[in-house]
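The residues making up each chain are set out below.
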Amino acid sequence: MATIKILDQIHVSPSTTSSSDPVVPLTFFDIAWLHTGPVERLFFFPYNNSKSHFLSTSLPSLTSSLSLTLQRFHLLTCHVTTSPSDPAQYIFSPSSSNSIALTVAESDGSIYFEEIVSSDPRDLSKLDPLVPQLGESDDGTAALAALQITIFPNQGICIGVSIHHVVCDDSASIHFVKSWAAACRDNGFDSESAPVPPIHDRAVVPDPNGLYFKSLSEMRELASNGPPPPPPDLSIKPPALLMATFSLSRDQIDTLKHGVADTAASSGVLVHSSSFTVACAYAWICLLKCRGENPTKETAHLLFSVDCRARLTPPVPVQYFGNCLRPCFVEATVKDLLSENGVVSGAIEIGKSIKGLENGVLDGAELWLKKILSILPNQPMSIGGSPRFRVYDVDFGFGKPNKVEMLSIAKTPGTVSLSESGAKEGGIEIGVVLPRDEIERFSSCFLGGLKLI
C-alpha cells in the first residue's frame, strides 16, 4: 500500500464573509442524497518542481484562490440541519468553522507518479490515501466537502476532491473545481474565460406537487420498515480491488452508433443512438460477461442519472449549484444482451429510457427511491460521471491533467465511471473497479469486442 506523509492541515474560509448569505432549504432533489456519501475525484497534474518550491510558491496560490472561490460557493462550508421553525425541513446552515479542510501531503516515494496515472489495472489501495475524507466541523456536524493536495516531488501533483452528494450533483461539483482552477490559474475571476458564478437559490427548482415532503415521507417509511443489515462475516476476507480505465475512440464510437442505428432501422425501431448510449451499452455487456452472468437469468438492470435542469418547466439555469438529477431505469433480457447484437439491444433499451423522459421528467418522482432499492438485489450496473463534464479541461496552471479518476465508484459494486477521453478528442474513458479475476475478464471482453468493430 502506498503511504503519504501529512505536511499540513489547513482550514480555508471564504475570502470575505457575508452575514447576508441566506439559509438555504434542501429541495426534493437534494433530500434523496441525505444519507449517502461523497463523490470523490482525483485530478493528477504534471509538476516538475521540488517540495520546497511547491510549499513556497504553488500552495499559497492554491489556498488563496480556494478562499476566493469559496466566496462564490459558500454552501460547501455549511452543514445540514433541520429548520428551527419546521423540523421536517432540512436546511444548509453556516457551520461554526465556516471553512473547508484542506490536507497537504507528500508521497513517501513508494509509488511512482507515472505508475499511478496509468490506465492499466492498479491496486485501489495505492489510490485510497490520496482521497480526502469528510470530517466533522467544530460543532460536531458532518462536513460537506474536503480537499487534499498530494505532491510527488519533481513528478506530479494530485488534487483530491470529496463533496457530499446532498449539497450538489456532479455537474455542480465540476463547476466548483473549474472555478477554483480558473481563479488559481488567472489570479482571480477577471479573465473572460472565468466560469460564471453559481446560483444557490432553491426557488429556481419547481416543486408543484410537494415532492420534497413526499420524498421525505417515503425515506422515513423505508427506514422504519426495512430490516437491519446482516452483520459482516469477519472470517471472509474481501478480494483486493483494482481500478482500470478502458477507452473508446471517436471512430469506434461512431462505428457502434452506426451499427445500432442501422440494425434498429432494419427492424423498424426508432432509437436514440448517441455516444453515451453506445458506451453504456458496451460497458454493460462487458460487465455482465466478466461477472459470468447466467444467460437463463431473465432481466438485467442499468441505472444512471439524468440532468433535469434543461428539462424542467421553466428550465433551471445551468449554473444552478445543487442537485437536479433524476434516475433513469433500464431493463433488458440477459439473453438479448449476451447475444451477437447485445450492444444494439442494450443501446435500444437505454435510448427508450431517455426518450421516455419526454412524457414528464418528474413522472413518478415520489417512487424513485423505492424503485432503486427494489432493483439493488439484482446487481444493476450504474453510471457515475459524464463525458459532458469535460473534467480534462480543469487547469490550475499546471497544464492539462494526466489523469482524472472517480474513486467513489468503488463504494457501489457494479458502478462504472464515464468521462471524455484525456488523450483523444471525441473519445470516452470508462473506469471500473473490480477484483483481479473480473477485471481480467472485463478487459478480455472489452478489447476482444473492439477487434470486431
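This structure is a prediction, so every number in the text was calculated from the model and none was measured.

J.: Before we move on, could you go through the overall build of the protein chain and cite the residues and values that matter?
T.: A count of helices and strands for the protein chain gives 11 helices and 16 strands. Looking at the protein chain residue by residue over its 453 residues, the buried ones come to 51%. By sequence separation, contacts in the protein chain at least 24 residues apart represent 78% of the contacts at least 6 residues apart. Total accessible area on the protein chain stands at roughly 20,500 Å², and carbon and sulfur atoms take up 53% of it.

J.: Tell me what's going on with the pattern of salt bridges, and back it up with residues and numbers.
T.: This structure, assessed with the given rule, holds 17 salt bridges. Glu-425 is the salt-bridge partner of Arg-390, the closest N and O atoms lying 3.4 Å from each other. Placement of Arg-390 in the loop between strand E13 (381–385) and strand E14 (403–406) and of Glu-425 in the loop between strand E15 (415–420) and strand E16 (428–435) is noted, with a sequence separation of 35 residues between them. Of the charged contacts in the structure, one is a salt bridge between Lys-403 and Glu-429, with a shortest N-O distance of 3.8 Å. Of the two residues, Lys-403 is situated in strand E14 and Glu-429 in strand E16; the sequence distance between them amounts to 26 residues.

J.: Report on the sheet that holds strand E9 (residues 156–164), specifying residues and quantitative values.
T.: Reading across from one edge, E1-E6-E8-E9-E3-E14 is the order of the six strands in this open sheet, with mixed pairing throughout. Looking along the sheet, the strands with just one partner apiece sit at the ends: strand E1 (4–12) and E14. Averaged over all pairs of adjacent strands, the angle between their axes in this sheet comes to 15°, without regard to strand direction. When strand E8 (residues 145–152) meets E9, the two strands line up antiparallel, connected through eight bridges. Opposite Ala-146, over in E9, you have Ser-162 as the bridge partner. Relative to the sheet, helix H4 (residues 170–186) contacts strand E3 (38–46), E8, E9 and E14, its axis offset from that of E3 by approximately 35°.

J.: Can you explain the sheet that holds strand E4 (residues 78–83)? Please cite residues and give values.
T.: Pairing in this open sheet of three strands is antiparallel, and the strands run E2-E5-E4 from one edge to the other. Each edge of the sheet is formed by a strand with only one pairing partner; in this case those strands are strand E2 (24–25) and E4. Judged from the six bridges that link them, E4 and strand E5 (residues 86–94) form a sheet pairing that is antiparallel. Its bridge partner being in E5, Ser-83 is matched across the sheet by Asp-86.

J.: Could you give an account of the nonpolar core, naming the residues involved and the relevant values?
T.: Counting 68 residues, the largest nonpolar core has Leu-76, Phe-176 and Phe-396 as the members making the most contacts within it. It is H4 that provides the largest number of residues to this core, a total of seven residues. Not counting the four nearest positions on each side in its chain, Phe-396 is found in contact with Phe-45, Leu-62, Ile-159, Val-177, Trp-180, Ala-181, Cys-184 and Arg-185. One finds Ala-279, Trp-284, Leu-337 and Leu-357 within the second-largest nonpolar core, a separate group that totals 50 residues.

J.: If you had to explain the pairing of E3 to someone new, which residues and values would you point to?
T.: Across the nine residues that make up E3, a large majority, eight, are buried. Relative to E14, E3 runs antiparallel, the two being bridged by four bridges. Following the sheet pairing, Phe-44 is matched in E14 by Lys-403.

J.: Go over unusual backbone geometry with me, naming the residues and quoting the values.
T.: With an omega of -5°, the peptide bond running from Thr-313 to Pro-314 counts as cis. Of note, the phi angle at Asn-98 is positive, near 50°, even though the residue is not glycine. Relative to the assigned elements, Asn-98 resides in the loop between E5 and strand E6 (100–107). A positive phi angle, near 55°, is found at Arg-390, a position not held by glycine.

J.: Account for the packing of aromatic side chains, naming residues and giving values.
T.: Under the criterion given, the structure shown has 17 aromatic pairs. Aromatic pair Phe-73 and Phe-176: ring centres 5.5 Å apart, planes at 70°, arrangement edge-to-face. In this pair, Phe-73 is assigned in the loop between helix H2 (51–72) and E4 and Phe-176 in helix H4, connecting sequence segments 103 residues apart. Note on accessibility: Phe-73 and Phe-176 belong to one class, buried. Measuring from ring centre to ring centre gives 5.2 Å for Phe-246 and Phe-446, while their planes differ by 45°; the resulting arrangement is tilted. With Phe-246 in strand E10 (residues 241–248) and Phe-446 in helix H11 (residues 436–450), this pair connects stretches of sequence that are 200 residues apart. In this structure Phe-446 comes out as buried when scored by relative accessible area, which is 1%. Here a set of aromatic residues connected by ring pairs shows up, and it is made of Phe-45, Tyr-47, Phe-54, Phe-73, Phe-176, Trp-180, Phe-321, Phe-396 and Phe-398. Of note, Arg-72 hangs over the ring of Phe-189, and the distance from its end group to the ring centre comes to 3.9 Å.

Conventions adopted
- Residues numbered from 1 in each chain as written.
- Predicted model: local features only at pLDDT ≥ 70, side-chain atom pairs only at ≥ 80, totals over all residues.
- Heavy atoms only, no water.
- Helix = DSSP H or I, 4+ residues; strand = E, 2+ residues; numbered from the N terminus.
- Buried < 20%, exposed > 50% of the residue type's maximum accessible area, 1.4 Å probe, protein only.
- Contact = heavy atoms within 4.5 Å.
- Areas by Shrake-Rupley, 256 points an atom, 1.4 Å probe, with all protein chains shown as cover.
- Salt bridge = Lys/Arg side-chain N within 4 Å of Asp/Glu carboxyl O.
- Pairing = 2+ DSSP bridges.
- Axes fitted to C-alpha atoms, helices over the stretch in contact; angles between N-to-C directions.
- Core = buried A, V, L, I, M, F, W, Y, C linked by side-chain atoms within 4.5 Å.
- Phe/Tyr/Trp six-rings, centres within 6.5 Å; stacked < 30°, edge-to-face > 60°.
- Lys NZ or Arg CZ within 6 Å of the ring centre and 35° of its normal.

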